[in-house]
Amino acid sequence: MINRVHRFHGYGSLARVYRRSSAARGSGVSVRFAARSAGQPARAAVVVSKKVSKSAVTRNRIRRRIYEAVRVQWQPAAPVDLIFTVFDGQLAELPTGQLHQEVANLLQKAGQTGIE
RNA sequence: CCAGAGUAUUGGCUAAUCGCGUGCAUUUCGGUGUACGAGGAAAGUCCGGGCAGCAAAGGGAAAUGGCAGUCGCUAACGGCGACCGGGGGCGACCCUAGGGAAAGUGCCACAGAAACGAAACUACCGCUUCGGCGGCAAAGGUGAAACGAGCGCCCCGGCUUGCCGGGGUUGGGAGUUCGGCGCGAAGGCGCCAACUUCCAAAGGUAAGAGCUCGCAACGUCGCGCGGUGACGCGCGAAGUAGGUAAACCCUGCCUGCUGCAAGGAGAUGGAUUCUUCGGCCCUAAAGGCUAAAGCAUCCCGCUGAGAAUUCAUCACAAAAACCGCUCGAGCCUGUCGGCAACGGCAGGCCUAGAUAGAUGAUUAGCUUCAACAGAACCCGGCUUACAGAUACUCUGGCACU
RNA sequence: UGGGGAUUCGCCAAGUGGUAAGGCACUGGUUUCUGGUACCAGCAUUCGGGGGUUCGAAUCCCUCAUCCCCAG
């Protein structure tokens, strides 16, 4: 889990990102990104719908693993909003190296630089 | 050892690093330190409560919905325990929506003569004007069901050789009797029983056997004994017969509606008034005991805390933030009572509380790479999912001693 | 979180205790030189799964699964 200041709070801010954002698509997960005004902290969210898996345990595992991959590899340079949307339940069992590579690719497409 | 029955426990662990949530402490307000951090089902939302709001003066009735052996347990329950009745298993044990069908109504297709209130298709016996009429109700046939059931006995079939399955043990006519009972004055007549014989019928390849015994069951009424009771054991009287209430219904008991997204509350600071609050005994009050938020020997008083009213500043937007929100019919250990469910007492413990929603990642080790699965107001149950491991008790069989 | 509904042949569906109607599609046949049309015939092993009540269950009861809808 990432730090509280880098999470979303409230419903309107998420809807705002959905309205005015660009998208990048990977295999299993895609990302929508939009710039924020200067001085605000960068934020990220992970969305796993019930269609991906009916089990709450599986959905939680996917969400936590992606949050962890983002936390390790993301060094936000400029204020930005990121929303990761999962559409493949296989991510719960994907090896950690592949999952991190996937997230790194998406961060790169969104114009973010990895920490390594 | 093999095959089973029941109950209970467990549900990956250890170390290191990075990271997250909450409480507490500290702070130079950036943070730092420390403690704790999903389940037995957190699930389904099927029942019962707490709590909250609305309604209702209080009480009762009806409707609606639910429940259904008895006694208990429980805050309560449709839950649990023990027992009773019924069914299954060689047994340990398991299953059981288990009130009422002699209150009423409905339904019981097809088949069948007939489906519940009496009747008679075939057959049998008698009579006959040969059209039929009367008697009998064993048997055949139809069907899930058409007056049953139990013990004994007989026959057939099967095998594991003493068990299982199927069927029978009957009806009618005539005759006989130092036989019994009833009617009649009597000759005699009627009924019953036994025997002989004829007809019919079942079963079986065929033959043989084809008989004997006691009555039981059920509801009603009246009793005796045992049990808190359901009920069990036994006796007597006069009697009786289909099923279905997870069909309507009847009887007894329970039942207001909505649900934490309930609901509450602007925040901070000041002023005025009131209260001085704990624990135990006690229905409560009074009173008593322990003893007392701080200062003060005591009173007055001051501070603190709580409630109400009021003033100022800020805010007036939101699915934001706050309260409700986790100490509770709580958990653990011991002991006592009880067959048990459970209850009493003593000691100890604090064990998630988020709000886009906290448990993840990496490395190393453990012979085994670990099932079902993620709290959202909280409890008691039920139901459903669950890899594997462990403990205890018991049953049947085999072998050995 | 709470509440409501549905599931019958490949598709649409009737049936509410007594042999699972019907239409489309499909298969075979007849008619035609061929195709279509028309006509005839066929097509439900288990009525979502499991258990129970009943002589008998798609229907009644319990339980599970899947799908859809509604409130905030």
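Above: the structure in question.
All values derive from a computational prediction rather than experimental measurement. (Residues numbered from 1 in each chain as written. Chains lettered and ligands numbered in written order. Predicted model: local features only at pLDDT ≥ 70, side-chain atom pairs only at ≥ 80, totals over all residues. Heavy atoms only, no water.)

(A) Representation of the packing of helix H2 (residues 56-73) against helix H3 (residues 96-109). Between H2 and H3, the shortest axis-to-axis distance is 9 Å and the interhelical angle comes to 60°. For the pair H2 and H3, the sense of crossing is right-handed. On H3, the residues that touch Arg 65, Ile 66, Ala 69, Val 70 and Gln 73 of H2 are Thr 96, Leu 99, His 100, Val 103, Ala 104 and Leu 107. Its residues assigned to classes, the contact of H2 with H3 comprises seven nonpolar, three polar and one charged. (Axes fitted to C-alpha atoms, helices over the stretch in contact; angles between N-to-C directions. Helix = DSSP H or I, 4+ residues; strand = E, 2+ residues; numbered from the N terminus. Left-handed = near helix turned anticlockwise from the far one by under 90°. Contact = heavy atoms within 4.5 Å. Nonpolar A, V, L, I, M, F, W, Y, C, P; charged D, E, K, R; others polar.)

(B) Examining the sheet that holds strand S2 (residues 29-35) more closely. Within the open sheet, the four strands sit side by side as S1-S2-S4-S3. Their pairing is mixed. The sheet is open, and its two edges are formed by strand S1 (22-25) and strand S3 (43-48), each paired on a single side. Strand after strand, the sheet turns through a mean of 20° between neighbouring axes, direction not considered. Both S2 and strand S4 (residues 80-86) contribute to a ladder of seven bridges, which runs antiparallel. Within the sheet, the bridge partner assigned to Arg 32 lies in S4 and is Ile 83. Contacts from H2 reach S2, S3 and S4, with the element oriented near 155° to S3. Strand contacts of H3: S1, S2 and S4, with the helix running at about 30° to S2, the strand carrying the most contacts. (Pairing = 2+ DSSP bridges.)

(C) Local environment of the pattern of salt bridges. Following the criterion strictly, the structure yields two salt bridges and no others. The salt bridge involving Asp 81 is made with Arg 43; its shortest N-O contact spans 3.1 Å. Here Arg 43 lies in strand S3 and Asp 81 lies in strand S4, a separation of 38 residues in the sequence. With a relative accessible area of 1%, Asp 81 lands in the buried category. (Salt bridge = Lys/Arg side-chain N within 4 Å of Asp/Glu carboxyl O. Buried < 20%, exposed > 50% of the residue type's maximum accessible area, 1.4 Å probe, protein only.)

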